[in-house]
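Residue strings, one per chain:
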Amino acid sequence: MGFRFALLLFFVFSLLSSSARSDLVISRVDRQIDLTSHIVRVLSSLKIENAGPDAVSEVLFAFPNMQAKNLAAIKTFYIALPKSLEKGKTLNMDMLAVFTHSLTPFPEEITQADAQLLVYQDSAYYLSPYAVKVQSLGIRLPNGRVESYTKYPNTKLVDSELKYGPFESLPPFSYSPIIVHFENNHPFAVVQELTREIEISHWGNAQITEHYTIVHGGARTKGGFSRIDYQMRTNIRGTSSFSLLTALLPPRAHSIYYRDEIGNISTSTLWADSRKTQFGIQPRFPIFGGWRTTFTIGYSLPLQDFLFESDGKRVLNITYGCPIQEAVVDKLIVKVVLPEGSKDISASAPFHTKQSEEVKYSHLDIVGRPVVVLEKTNVVPEHNLYFQVFYRFSNLSLLREPLMLATGFFLLFVACIVYMHTDMAISKTSASYLAKLQWDEVQATVQRVQNIFDQYLKVHDKLESSLRDLSRTGDVQSCKAARKAADTQFKELTKELKPMLTFLQSSPQASQIWPKIEELVAKEREMQEKLMQKHSTVVECFEKKLGGREVENRVASLQQKLAALRQEVDNLLEVINEI
């Protein structure tokens, strides 16, 4: 046969010489392959006979490469198991092999309205390193729709079961490939990554938090999605999608929540009895082939149901796998967060896991809480078995956090008492108090200076307004009167400003702001001078009855200078205000 195979050793007994392996014969093997879900389960019932002269203590099983890489779990059940199989004796054994990712969608892409078709490949013969006298094969399908299957003379399809055999007198490693192309619309829920965090509190509670990333592992969906068709014709549209996942939680689970990145999701159901808690999880949207969703569920458990004491150690005994029914988990990480102060930590699981330790910090922690991490790939429901975490913990450590809280509140109350009886006022003779008074006086003086400059600018605006009135009415005398009044106001404001400037110049607290004040005064005086010059020139032109363009030409340079000065004054006022 031109095929390649991988050998998987499974030790039923402990000792076997290599010369005795060929003495075993499989008298009969009946295989039942269950293809009703996306997890393939193969149950093999074997009758093994020792046809050699020596006792045998070990049986060897073999799987093809295409199956070995997807093998997730093996379980065996045996009848009348002796310490060794003597010459001429027989052994009856049932072996369950569980495979994931063994069903291939064909076609790989379907529309929303299409049913999902899958291809399964195997051998009609039982692959074994021993000769097989009689064997048969039965393949259980989800329904009676089968597109095609490999046919042999003794093959028949009855309802939803495909039967091959019986086959007789086959030599070791016999192999005859078969292919079955059939319909399967079972939810292909594949959890790409699941992180379960089990946080233990010796105050009587275990908090479980589970983070899921789930994808539909079946045929990818092509074309658009119609919500109307999905809701109105669910028996036809979206037959391969799933919109409900069922999680079996431990009994007495409480405080259950279900949320995603957006927030809490209210579309969930809960049913509980004394044996289990059934939690219905409905995503925000139906999951079609290739679609992905993420969510988190959490719940609390009474610690007394899972924590025990043995030989001076505490033992946590809780299930390992994924609580969602018929889900394949590509990567499962279980983190057991123990109380701070736990020591002599070890873990034991009924299957191989990658173990490590880390530290998690939470409220009131000092050195952090020890975390036992158990990681496994290719997880199936058959891995929902109990595992144990052993550790030592002193009851005195329970008092650490209450004592910390009590001490913290005590110190807070002491601090409040001291504060209430302490005079926090600043002495009126201290340097800092005097400096603050001087700075307050400087700020008040600067505010008055700003008010005077605002009045300066208002007088400027009145002069400009008198020129506009002159150009409209030609009343020269009124314009001259406005200039005379403005000149008087300028003198009064300058007189009022003088003591303020003297104070600021002599005050150490005003050393930062004084240069700007001094520059502002200079710019204002220059602006007053230019404005009076402009006013006199315009009035003189009107008295000589010159044209409007001639007037504009004579005052153009003055007007430009006044605009620049006004902008500089405004900027200086803003800077002073910021200081």
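The rules behind these values
- Residues numbered from 1 in each chain as written.
- Predicted model: local features only at pLDDT ≥ 70, side-chain atom pairs only at ≥ 80, totals over all residues.
- Heavy atoms only, no water.
- Helix = DSSP H or I, 4+ residues; strand = E, 2+ residues; numbered from the N terminus.
- Rg over C-alpha atoms; globule rule 2.2 N^0.38 Å.
- Areas by Shrake-Rupley, 256 points an atom, 1.4 Å probe, with all protein chains shown as cover.
- Lys, Arg positive; Asp, Glu negative; His and termini not counted.
- Charge placed at Lys NZ, Arg CZ, Asp CG, Glu CD.
- Pairing = 2+ DSSP bridges.
- Axes fitted to C-alpha atoms, helices over the stretch in contact; angles between N-to-C directions.
- Patch = residues over 30% accessible without salt bridge, like charges linked within 9 Å, V, L, I, M, F, W, Y side chains within 5 Å.
- Salt bridge = Lys/Arg side-chain N within 4 Å of Asp/Glu carboxyl O.
- UniProt positions renumbered as here; feature names shortened; annotations may be inferred.
- Phe/Tyr/Trp six-rings, centres within 6.5 Å; stacked < 30°, edge-to-face > 60°.
- Buried < 20%, exposed > 50% of the residue type's maximum accessible area, 1.4 Å probe, protein only.

Peer 1: Please clarify how the overall build of the chain should be interpreted in this entry.
Peer 2: Across its full length, the chain holds 7 helices and 29 strands. In summary, the chain has a C-alpha radius of gyration of 46 Å against a globular reference of 25 Å for 579 residues, an excess of more than 25%. By principal-axis analysis of the C-alpha atoms, the chain measures approximately 140 × 70 × 45 Å. A total of about 30900 Å² of accessible surface is found on the chain, and carbon and sulfur atoms cover 53% of it. Put simply, the chain has 64 plus and 62 minus side-chain charges, and the middle of one group is 2 Å from the middle of the other.

Peer 1: Explain the sheet that holds strand β20 (residues 268-272) to me, please; I cannot follow it from the model alone.
Peer 2: Through backbone hydrogen bonds, the strands of a sheet pair up, either in parallel or in antiparallel fashion. Here we have 3 strands laid out as an open sheet, ordered β18-β21-β20, and antiparallel in their pairing. Each of the sheet's edge strands pairs with one partner strand only, and the pair in question is β18 (245-249) and β20. The average angle at which neighbouring strand axes cross in this sheet is 15 degrees, direction not considered. Judged from the 5 bridges that link them, β18 and strand β21 (residues 277-281) form a sheet pairing that is antiparallel. Within the sheet, the bridge partner assigned to Leu 249 lies in β21 and is Thr 277.

Peer 1: What's the story with a nonpolar patch on the surface in this structure? I'm lost.
Peer 2: A cluster of nonpolar residues, Leu 405, Phe 409, Leu 412 and Phe 413, forms a patch on the protein surface that exposes about 410 Å² of accessible area. Turning to its location among the elements, Phe 409 is positioned in helix α3 (residues 400-420).

Peer 1: For this particular structure, what's the right way to read the UniProt feature "coiled-coil region" (unreviewed entry) in the chain?
Peer 2: Taking the UniProt record as the reference, the feature "coiled-coil region" (unreviewed entry) is found at residues 548-575. Along residues 548-575 one finds 100% helix and 0% strand; the C-alpha atoms at either end are 39 Å apart.

Peer 1: In this structure, what is going on with the packing of aromatic side chains? I would like to understand it.
Peer 2: Any aromatic ring pair is given by two values, namely how distant the centres are and how the planes are angled relative to each other. Under the definition given, this model contains 13 aromatic pairs. Seen in terms of ring centroids, Tyr 125 and Phe 167 are 4.9 Å apart; in terms of plane orientation they differ by 80 degrees. Their pairing is edge-to-face. Residue Tyr 125 is found in the loop between β9 (117-123) and β10 (131-140), and its partner Phe 167 is found in strand β13 (residues 161-170); the two are separated by 42 residues along the sequence. There is no split in this pair, since Tyr 125 and Phe 167 are both buried. Ring geometry for Phe 453 against Tyr 456: centres 5.4 Å apart, planes inclined by 65 degrees, an arrangement best described as edge-to-face.

Peer 1: Looking at this structure, how should I read unusual backbone geometry?
Peer 2: The residue after Phe 106, namely Pro 107, is reached through a cis peptide bond having omega 10 degrees. One can find Pro 107 in the loop between β7 (104-105) and β8 (109-110). That bond from Gly 165 to Pro 166 is cis: its omega, 10 degrees, falls within 30 degrees of zero. Tracing the backbone shows Pro 166 in strand β13. The phi angle at Ser 169 is positive, at roughly 50 degrees, despite the residue not being glycine. Within the secondary structure, Ser 169 is located in strand β13. Take Ser 169: its relative accessible area is 63%, and that puts it in the exposed class.

Peer 1: Mind showing me how you'd approach the sheet that holds strand β24 (residues 313-319) here?
Peer 2: As summarised here, the arrangement of the 4 strands in space is β23-β24-β29-β26, forming an open sheet in which the pairing is antiparallel. Each having just a single partner strand, β23 (307-310) and β26 (343-348) make up the two edges of the open sheet. The sheet shows a mean angle of 25 degrees between the axes of neighbouring strands, direction not considered. Summarising the sheet, β23 and β24 pair through 4 bridges and their orientation is antiparallel. By the bridge assignment for β24, Leu 307 is matched with Leu 316.

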